[in-house]
Amino acid sequence: MASHARLPQQSRTARGLLRAGLAVSVAGAALAGGASTATAADGDGKSDPASLEDIRAATSSTVGALQQATTSGLGTVKSLRLNPLAGTGTDPLDNAVGTQIADFKPVSTAVLTAPLANGASLGQLPVVGPLTQSLPG
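A short tour of the structure in this document, coming up. (Residues numbered from 1 in each chain as written. Predicted model: local features only at pLDDT ≥ 70, side-chain atom pairs only at ≥ 80, totals over all residues. Heavy atoms only, no water.)

Brief notes about the overall build of the protein chain
Note the cut-off: A run of DSSP states H or I qualifies as a helix once it reaches four residues; a run of E qualifies as a strand once it reaches two. Both are numbered from the N-terminal end. Note on exposure labels: buried denotes an accessible area under 20% of the residue type's maximum, exposed denotes more than 50%, and partly exposed covers the range between, all computed with a 1.4 Å probe on protein chains only. Only heavy atoms matter for contacts: two residues are in contact if any of them lie within 4.5 Å across the pair.
On a plain count of helices and strands, the protein chain comes out with 5 helices and 2 strands. When the elements of the protein chain are put in sequence order from the N terminus, they spell out α-α-α-β-β-α-α. Going through the 137 residues of the protein chain one by one, you find that 12% of them count as buried. Taking as baseline every contact in the protein chain between residues at least 6 positions apart, the subset at least 24 positions apart corresponds to 54%.

Right under this line is the structure:
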């Protein structure tokens, strides 16, 4: 049996939706870039030396398109689960190593691996999470 046939239907559906969303984001960025180029062109299709207003209009539409594409793309990336195997019996990140020497406080790696083992997204990680708040989306 092929490995893709063993995936549960819900996993295949989620993967398909993710791929479709990424394709729409890329297509939107391409259309927005084309629209900014069309704004800079003259009405009859011939390009002549552009005035300052034409350059500003093209630049502002390009910047707006890039901001919209970045917001859509990064919003999706910030909310994706980093560990798709979280909560399953085969999760390789669901492990911890601990030790205690004499009467000292025990030390464990569970604090570091717990966010990933619980299926956290990029915005929920302890160190990186606050940094992602500054990103659009």
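Additional details are given in the paragraphs that follow.
Comments concerning unusual backbone geometry
Keep in mind that most residues, glycine aside, have a negative phi and that most peptide bonds are trans. Residue alanine 102 is not a glycine yet carries a positive backbone phi of 50°. Residue placement: alanine 102 occurs in the loop between strand E1 (98–99) and strand E2 (107–108). For alanine 102, a relative accessible area of 62% gives the class exposed.

A word on the side chain of asparagine 83
For asparagine 83, the location among the structural elements is in the loop between helix H3 (52–79) and E1. The buried category is assigned to asparagine 83, whose relative accessible area is 6%. If sequence neighbours within four positions are ignored, asparagine 83 has contacts with Asp91, Leu93, Leu116, Ala117 and Gly119.

Side note on H3
Where we set the bar: One less than the number of residues in a helix, times 1.5 Å, gives the span that helix is expected to have.
Here H3 spans 40 Å end to end across 28 residues, near enough to the 40 Å set by a 1.5 Å rise per residue. Within the sequence span of H3, burial applies to Ala58, Ala65 and Lys78.

Overview of the environment of asparagine 95
Positionally, asparagine 95 belongs in the loop between H3 and E1. Considering only alpha carbons, one finds asparagine 95 and alanine 110, 15 residues apart in sequence, at a separation of 7.3 Å. Apart from residues lying up to four places away in sequence, asparagine 95 is in contact with Thr109 and Thr113.

Quick word on the side chain of serine 121
As for its placement among the helices and strands, serine 121 is situated in the loop between helix H4 (110–117) and helix H5 (128–132). Overall, serine 121 belongs to the buried group, its relative accessible area being 9%. Aside from chain neighbours lying at most four places away, what touches serine 121 is Lys78, Ser79, Leu80, Arg81 and Leu82.

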